[in-house]
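Summary of structural features
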Amino acid sequence: MKIKFSKIITFFLTGILAALLLAGCGGGGSKQQTAAKQAAGGGQEQQLTPVKLTMTTWSGYGPLFLARDKGFFKKHGLDVQLIVIQGLGERKQALAGKQVDGIATTLDIVTQIVDAGIPLKQIWALDDSYGGDGILAKPEIKTIKDLKGKNVAYDFGTASHILLLAILAKNGMTEKDINHIQMSASDAGSTFVAGKVDAAVTWEPWLSKAIKENKGNLLATSKETPGLIMDTVALRSDWAEQHPEALQAMVDALAEAMQYWENNKAEANAIMAKGLGIKQEEFESNLETLRLFNLAQNKEMFGTLDKPGPLYTSLQQAVDFGYNNKVIKSKPDVKSMLDPTYVNNAKI
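The paragraphs below set out a description of the structure included in this document. Throughout, a residue's number is its position along its own chain's written sequence, starting from 1. Residues qualify for local features only when their pLDDT is at least 70, as the model is predicted, and side-chain atom pairs are given and counted only at 80 or more; totals for whole chains, interfaces and linings, by contrast, use all residues. Side-chain descriptors were evaluated using all non-hydrogen atoms of the structure, hydrogens and water having been removed beforehand.

This paragraph deals with the packing of aromatic side chains. Stacked, tilted and edge-to-face are the three classes applied to pairs of Phe, Tyr and Trp rings, where Trp contributes its six-membered ring and a pair requires centres within 6.5 Å; stacked means planes under 30 degrees apart, edge-to-face means over 60, and tilted covers the rest. For the structure shown, the criterion picks out two aromatic pairs. On the numbers, 5.7 Å between centres and 45° between planes, the contact of W58 with W203 is tilted. Residue W58 is found in the loop between β1 (49–55) and α3 (62–69), and its partner W203 is found in strand β8 (residues 199–203); the two are separated by 145 residues along the sequence. Using a relative accessible area of 6% as the deciding quantity, one classes W58 as buried. Throughout this description, buried means an accessible area under 20% of the type-specific maximum (1.4 Å probe, protein chains only), exposed means over 50%, and partly exposed covers the range between. What makes W203 buried here is its relative accessible area of 15%. Its end group placed over the ring of W261, K265 keeps NZ or CZ at 4.4 Å from the ring centre. Here, a charge over a ring means that NZ of Lys or CZ of Arg falls within 6 Å of the ring centre while also lying within 35 degrees of the ring normal. Sitting above the plane of the Y130 ring, R291 keeps its charged end 4.5 Å from the centroid. To qualify as a helix, a DSSP run of H or I must reach at least 4 residues; to qualify as a strand, a run of E must reach at least 2; elements of each kind are numbered from the N terminus.

So, about helix α8 (residues 185–193). Among all positions of α8, only A185, A188, G189, T191, F192 and V193 are buried. Two residues or fewer past α8, G195 is found with a positive phi of approximately 80°.

This next bit is on the packing of helix α11 (residues 244–263) against helix α12 (residues 265–276). The description of two packed helices rests on the angle between their axes and on the distance between the axes. Axis definition: a line fit to C-alpha positions, over the contact stretch in the case of helices; interaxial angles, taken between N-to-C directions, run 0 to 180 degrees. Interhelical geometry of α11 versus α12 gives an angle of 125° and a closest axis separation of 6 Å. With respect to their mutual orientation, α11 and α12 come out oblique. On α12, the residues touching Y260, W261, E262 and N263 of α11 are K265, E267, A268, N269 and M272. Amino acids are sorted into nonpolar (Ala, Val, Leu, Ile, Met, Phe, Trp, Tyr, Cys and Pro), charged (Asp, Glu, Lys and Arg) and polar (every other residue, Gly among them). Classifying every residue of the contact of α11 with α12 gives four nonpolar, two polar and three charged. Angle categories are assigned with fixed cut-offs, so that under 35 degrees is roughly parallel, over 145 is roughly antiparallel, 65 to 115 is roughly perpendicular, and the rest are oblique. By definition in these notes, contact holds between two residues if any of their heavy atoms fall within 4.5 Å.

Buriedness of a pocket was judged along seven lines, with at least five required to meet protein on both sides within 12 Å; pockets are open sets of points on a 1 Å grid over the protein atoms alone, cavities are sets where a 1.4 Å probe fits but cannot get out, and lining residues have an atom within 4 Å of a point. Grid points are joined across faces, edges and corners, and a volume is the space filled by probe spheres set on the points. In this structure, the largest pocket occupies an estimated 420 Å³ of space. As for the largest pocket, its lining consists of 20 residues, of which E204, P205, W206, E282 and N286 are closest to the centre. Looking at the lining of the largest pocket, the elements with two or more residues in it are α9 (206–212) and α13 (280–286). The residue inventory of the lining of the largest pocket, partitioned by class, reads six nonpolar, seven polar and seven charged.

Our focus in this paragraph is the sheet that holds strand β6 (residues 151–154). Pairing is mixed across the open sheet formed by five strands, whose spatial order is β7-β6-β8-β5-β9. Both outer strands of the open sheet, β7 (179–182) and β9 (217–221), are each paired with one neighbouring strand and no more. This sheet shows a mean twist of 30° between the axes of neighbouring strands, independent of strand direction. This element, α8, spans β5 (133–137), β6 and β8 of the sheet and lies at about 130° to β8. Only when DSSP finds a minimum of two bridges between them are two strands counted as paired.

This next bit is on empty space enclosed by the protein. Vacant regions in the atomic arrangement are exposed by a probe of water-molecule size rolled over the atoms. This model, assessed by the stated rule, comprises one cavity of 30 Å³ or more. By volume, the largest cavity amounts to about 240 Å³. If you trace the largest cavity, you find 20 residues lining it, with T56, R91, T158, A185 and W203 closest to the centre. Elements that contribute at least two residues to the lining of the largest cavity include exactly α5 (88–96), β3 (102–106), α7 (159–170) and α8. Split by residue class, the lining of the largest cavity holds eight nonpolar, eight polar and four charged.

Our next topic: the environment of L88. If you trace the backbone, L88 turns up in helix α5. When the C-alpha positions of L88 and I109 are compared, they lie 8.5 Å apart, and in sequence the two are 21 residues distant. Once residues within four sequence positions are removed from consideration, L88 is found in contact with I109, Q112, G157 and T158.

Another aspect to go through is the pattern of salt bridges. Throughout this description, the term salt bridge denotes a Lys or Arg side-chain nitrogen within 4 Å of a carboxyl oxygen of Asp or Glu. Per the stated rule, a full pass over the model turns up 10 salt bridges. D69 serves as the salt-bridge partner of R68, at 2.7 Å between the closest nitrogen and oxygen. Classification of D69 by relative accessible area gives partly exposed; the value is 41%. Residue K98 pairs with D238 through a salt bridge whose shortest N-O separation is 3.0 Å. Remark: D238 occurs in helix α10 (residues 237–242) and K98 occurs in the loop between α5 and β3; sequence separation between them is 140 residues. Note on D238: relative accessible area 26%, which makes it partly exposed. Taken together, the salt bridges that share partners define one network made up of K98, D101, R236 and D238.

On to the packing of helix α14 (residues 295–302) against helix α15 (residues 310–324), then. The contact between α14 and α15 brings their axes to 5 Å, and the two run at 60°. In terms of their interaxial angle, α14 and α15 are classed as oblique. Contact with α14, carried on its side by E300, M301 and F302, involves P310, L311 and Y312 of α15 and no other residues of that element. Residues that form the contact of α14 with α15 fall into these classes: five nonpolar, no polar and one charged.

Everything listed is a geometric property; what it means functionally is a separate question.
Next up, the structure:
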């Protein structure tokens with residue numbers, strides 16, 4: 001009886017092993033079956049495409065955190081890692097070294113990166129600064145012309161720099177009329193509030209903080225230069241060519257995130273504020289000085305290949321401004337830096 005029972009067990013185990021081997025080697029194998037189940041919502045864990053995006057701290061990048069934390073990126077097959085790097089030089093190095101796949105940044109920074117030999121493809125417009133950037137000055141400095149000979153803190157070659165140049169030009173001045181103190185926009189804001197510089201070109205929340213604490217005057221803001229400071233999502237062109245499906249997925253996820261924001265403002269604002277590491281009331285206050293773009297607005301901004309939208313004009317403006325003021329050495333081709341395909345193919 002023991003021998004017979006042993007043979008039965010051996011036969012049973014052999015049958016199981018054969019079945020497992022056939023399942024692993026047969027046509028339509030396990031990977032294909034898993035993929036099919038995933039596509040059909042079969043409950044299997046989804047294979048996600050990893051994407052690393054870098055950025056600085058700016059409320060206009062909130063939709064990226066919303067798309068991540070509400071699961072919209074994952075829903076569309078992406079594993080998006082958002083990496084905050086405050087220094088522009090460090091962000092450029094991360095792109096050049098392929099440590100990140102893309103960047104959320106202003107149009108002027110995109111032109112600098114492309115000028116440095118790192119081609120980028122912009123696929124989504126995030127926001128437009130509408131008073132979110134500005135020039136702060138000590139109480140005794142009442143006008144832009146009063147900045148002559150004063151120490152002004154700003155980040156060379158960035159949106160802050162371009163805003164300053166534009167405002168100075170409006171007042172018949174140039175960069176030679178002031179003393180430049182190099183520091184990031186955030187550091188410029190905190191340094192100004194600490195009373196260590198005469199003036200600073202910075203952004204929210206430092207603008208509101210300085211005014212609230214009676215530290216000085218707000219001489220000018222980006223309201224005076226509409227379209228000059230815009231933010232987009234841009235991917236390295238080499239990565240984009242290898243992952244066209246990921247680009248569409250990213251646009252679809254961001255479009256869905258913006259639709260969710262429009263219908264669930266309080267919850268969405270809380271999620272974005274948490275992602276950015278700021279209080280919800282601070283984030284919502286910042287929204288008063290910038291405009292977040294939804295899918296319909298993106299379609300309008302990008303236009304089509306045959307009829308480019310206003311984003312092309314804004315980008316060309318950034319290229320010309322950077323070149324004329326020797327921030328960049330060449331003039332990158334604007335059309336090669338924008339791709340309207342994905343916003344026009346997006347469906348939510």
